Amino acid sequence: MRALLVIDMLKDFVYEEGALPVHSARKIIEPINRKIAEFRSRGEPVFFICDAHDKEDEEFEVWGEHAVEGTWGAEVIDELDRREEDVVIKKKRFSAFYGTNLEEELRKRGVDEVVLTGVLTNICVLHTAADAAMRGFRVVVPRDCVAAIDENAERWALMHMAEVLGAEIV
Ligand code: ZN
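Residues numbered from 1 in each chain as written. Predicted model: local features only at pLDDT ≥ 70, side-chain atom pairs only at ≥ 80, totals over all residues. Heavy atoms only, no water.

## Concerning the environment of Arg83
Threshold: A run of DSSP states H or I qualifies as a helix once it reaches four residues; a run of E qualifies as a strand once it reaches two. Both are numbered from the N-terminal end.
Its location among the elements puts Arg83 in the loop between α3 (60-63) and β3 (87-91). Separated by 47 residues in sequence, Arg83 and Ile36 place their C-alpha atoms 10 Å apart.

This is the structure we're talking about:
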């Protein structure tokens, strides 16, 4: 069983007026919606992984304040086809597995392969890919469904995911 993980496609990261906009994230919205439709049509689960920080999170020392739980910026963008039956996982760190029940939610659905989409390729996607690989999940990253701020960092992250973590970049 596969699961689709839509990582941090939140207003603070995608919209220009957000706290930490990734300008190239706009172009991955439609490809992610196509993936969501594909997974739904096969009865495979869709997970929304959402940064949800406390008001004075230590991560803000590096990145500035963003995605504070309960604020506008921490909401999933309106353009994505999110539904009631989807699983929402709130996280406070880069990895979607750290301090969350993601692994349990995947295992109880019989998931053995995660397809990672969203932002940023070299931060939350990368760290989630690493933690998924450490736990024995197959990892697939569709190139047209991830985005980052820095192109070189993104290129390195994709290479690292492929060569070191054994992820399939498609
Ligand atoms: Zn964050």
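## Considering the confidence of the model for the protein
Note the cut-off: pLDDT is a per-residue confidence score from the predictor, ranging from 0 to 100.
Residue-level pLDDT values for the protein average 98, and 100% of them are 70 or greater. The least confident element of the protein, judged by mean pLDDT, is α3 at 93; the most confident is strand β4 (residues 113-119) at 99.

## Overview of the packing of helix α5 (residues 121-134) against helix α6 (residues 151-163)
Stated precisely, the cut-off is as follows: Orientation is described by lines fitted to C-alpha atoms, with helices fitted over the stretch in contact, and by angles between N-to-C directions that extend from 0 to 180 degrees. Note that the term roughly parallel is reserved for angles under 35 degrees, roughly antiparallel for angles over 145, roughly perpendicular for angles of 65 to 115, and oblique for everything else. Contacts are assigned to residue pairs with any non-hydrogen atoms lying within 4.5 Å of each other. Here the term charged refers only to Asp, Glu, Lys and Arg, the term nonpolar to Ala, Val, Leu, Ile, Met, Phe, Trp, Tyr, Cys and Pro, and the term polar to all other amino acids, Gly among them.
Interhelical geometry of α5 versus α6 gives an angle of 10° and a closest axis separation of 9 Å. When the axes of α5 and α6 are compared, the pair comes out roughly parallel. On α6, the residues that touch Thr121, Asn122, Val125, Leu126 and Ala129 of α5 are Ala153, Glu154, Trp156, Ala157, Leu158, His160 and Met161. Of the residues belonging to the contact of α5 with α6, the class tally is eight nonpolar, three polar and one charged.

## Some words on the pattern of salt bridges
The cut-off we apply is this: Salt bridge, as used here, is a side-chain nitrogen of Lys or Arg placed within 4 Å of a carboxyl oxygen of Asp or Glu. Accessibility here uses a 1.4 Å probe with only protein chains present; expressed as a share of the type maximum, an area under 20% marks a residue as buried, one over 50% as exposed, and anything in between as partly exposed.
For the coordinates displayed, the defined rule picks out 28 salt bridges. Notably, a salt bridge pairs Arg2 with Glu38, separated by 3.1 Å at the nearest N-O pair. Residue Arg2 is found in strand β1 (residues 2-7), and its partner Glu38 is found in helix α2 (residues 29-41); the two are separated by 36 residues along the sequence. Note on Glu38: relative accessible area 28%, which makes it partly exposed.

## Some thoughts on the coordination of the zinc ion
We apply this condition: Note: metal donors comprise N, O and S atoms at 2.8 Å or less from the metal (3.2 Å for Na, K and Ca); water molecules are not included, so apparent gaps in a site are possible. Every geometry call rests on angle ranges, with four donors termed tetrahedral when all angles are between 85 and 135 degrees, four termed square planar and six termed octahedral when opposite donors are over 155 degrees apart and all others are between 65 and 115, and everything else termed irregular.
Within the protein, the atoms that donate to the zinc ion are Asp51 (OD), His53 (NE2), Glu59 (OE) and His66 (NE2), at distances of 2.1 to 2.3 Å. Between the four donor atoms coordinating the zinc ion, the angles at the centre fall across 88 to 164°, so the site counts as irregular. Taken in chain order, the donor set of the zinc ion reads D-x1-H-x5-E-x6-H. Accessibility assignment for this pair places Asp51 and Glu59 in one class, buried.

## Overview of unusual backbone geometry
Note: most residues except glycine have negative phi, and most peptide bonds are trans. Residue Val119 is joined to Leu120 through a cis peptide bond whose omega torsion reads -20°. Mapped onto the fold, Leu120 is located in the loop between β4 and α5. We note that Asp8 has phi near 55°; this positive angle belongs to a residue other than glycine. Following the sequence through the fold, Asp8 ends up in the loop between β1 and α1 (11-14).

## Considering the nonpolar core
The test is simple: What makes a nonpolar core is a set of buried Ala, Val, Leu, Ile, Met, Phe, Trp, Tyr and Cys residues whose side-chain atoms join them at distances within 4.5 Å.
In this structure, Leu5, Met9, Leu80, Leu106 and Met161 are the most contacted members of the largest nonpolar core, which totals 59 residues. Residue contributions to this core peak at seven residues, all from α5. Beyond its immediate stretch of four places on either side in the chain, Leu5 contacts Phe47, Ile49, Leu102, Leu106, Val114, Val115, Leu116, Thr117 and Thr128.

## Considerations on the packing of aromatic side chains
The description of an aromatic ring pair uses the distance of the two centres, along with the angle that the planes make with each other. Convention followed: For this analysis, a ring pair means two rings from Phe, Tyr or Trp (six-membered ring only for Trp) whose centres lie within 6.5 Å, classed as stacked if their planes differ by under 30 degrees, edge-to-face if by over 60, and tilted for the remaining angles. Comment: the charge-over-ring label is applied if NZ (Lys) or CZ (Arg) is within 6 Å of the ring centre and within 35 degrees of the ring normal.
Under the criterion given, the structure shown has two aromatic pairs. Plain terms: the ring middles of Tyr15 and Trp72 are 6.0 Å apart, the flat faces sit at 40° to each other, and that makes the pair tilted. One end of the pair, Tyr15, is in the loop between α1 and α2; the other, Trp72, is in the loop between α3 and β3, with 57 residues separating them in the sequence. The side chain of Arg82 reaches across the aromatic face of Phe48, ending 5.9 Å from its centre.

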